[in-house]
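Here are the chains, one letter per residue:
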Amino acid sequence: MQTLFTVETRGPGLYEVTRDVSRWVGGTGKGDGVLTLFIRHTSASLLIQENADPEVRSDLTEFFHRLVPPSSDPSMRYLTHTYEGPDDMPAHIKAALLPVSLSIPVTGGKLSLGTWQGIYLFEHRSAPHRREILAHLCA
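A. Quick peek at the nonpolar core. Counting 21 residues, the largest nonpolar core has V21, L35, L37, L111, I119 and I133 as its most contacted members. Those elements that provide at least two residues to this core are β1 (2-8), α1 (18-27), β3 (33-39), β4 (44-50), β5 (101-107), β7 (117-123) and β8 (130-138). Ignoring any residue separated from it by four or fewer positions in sequence, one finds L35 in contact with V21, W24, V25, L102, S103, I104, V106, L111, A135, H136 and L137. Among the nonpolar cores identified, the runner-up in size contains seven residues, and L14, F64, L98 and Y120 belong to it.

B. The arrangement of the side chain of S43 in detail. The topology assignment puts S43 in the loop between β3 and β4. What makes S43 buried here is its relative accessible area of 7%. Setting aside residues up to four positions removed in sequence, S43 forms contacts with A91, H92, A95, E123, H124, R125 and R131.

Calculation notes
- Residues numbered from 1 in each chain as written.
- Predicted model: local features only at pLDDT ≥ 70, side-chain atom pairs only at ≥ 80, totals over all residues.
- Heavy atoms only, no water.
- Core = buried A, V, L, I, M, F, W, Y, C linked by side-chain atoms within 4.5 Å.
- Buried < 20%, exposed > 50% of the residue type's maximum accessible area, 1.4 Å probe, protein only.
- Helix = DSSP H or I, 4+ residues; strand = E, 2+ residues; numbered from the N terminus.
- Contact = heavy atoms within 4.5 Å.

Below you can see the structure in the form of structure tokens.
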């Protein structure tokens, strides 16, 4: 079974999609299996991360901004792919460092996530985007 989730982003950060994904998995009527999530973009990523403290999300966003700053930063002057804006090539680098797909076990029709784990789309671009996550449940 497959479905497509659309996530509207408002700039850099982590956008939780756990509830929507869990609802879909529960509605499939499937018991045990594996869920694969795949983001259909080259400037965003997927993560499983803590969903209790929002500071984790803001700290991750800030860490990756410092790790890979915009191309307008002097430390990034070596970049040549800059015509789509100062956030574009850094977004591609972040997506190359982070996962673009996830595999999550499904047990008894539910995601087998840990207590504090959530599923996130990690937006790396500054402008709002409409992102797509393809979900494939194999049971």
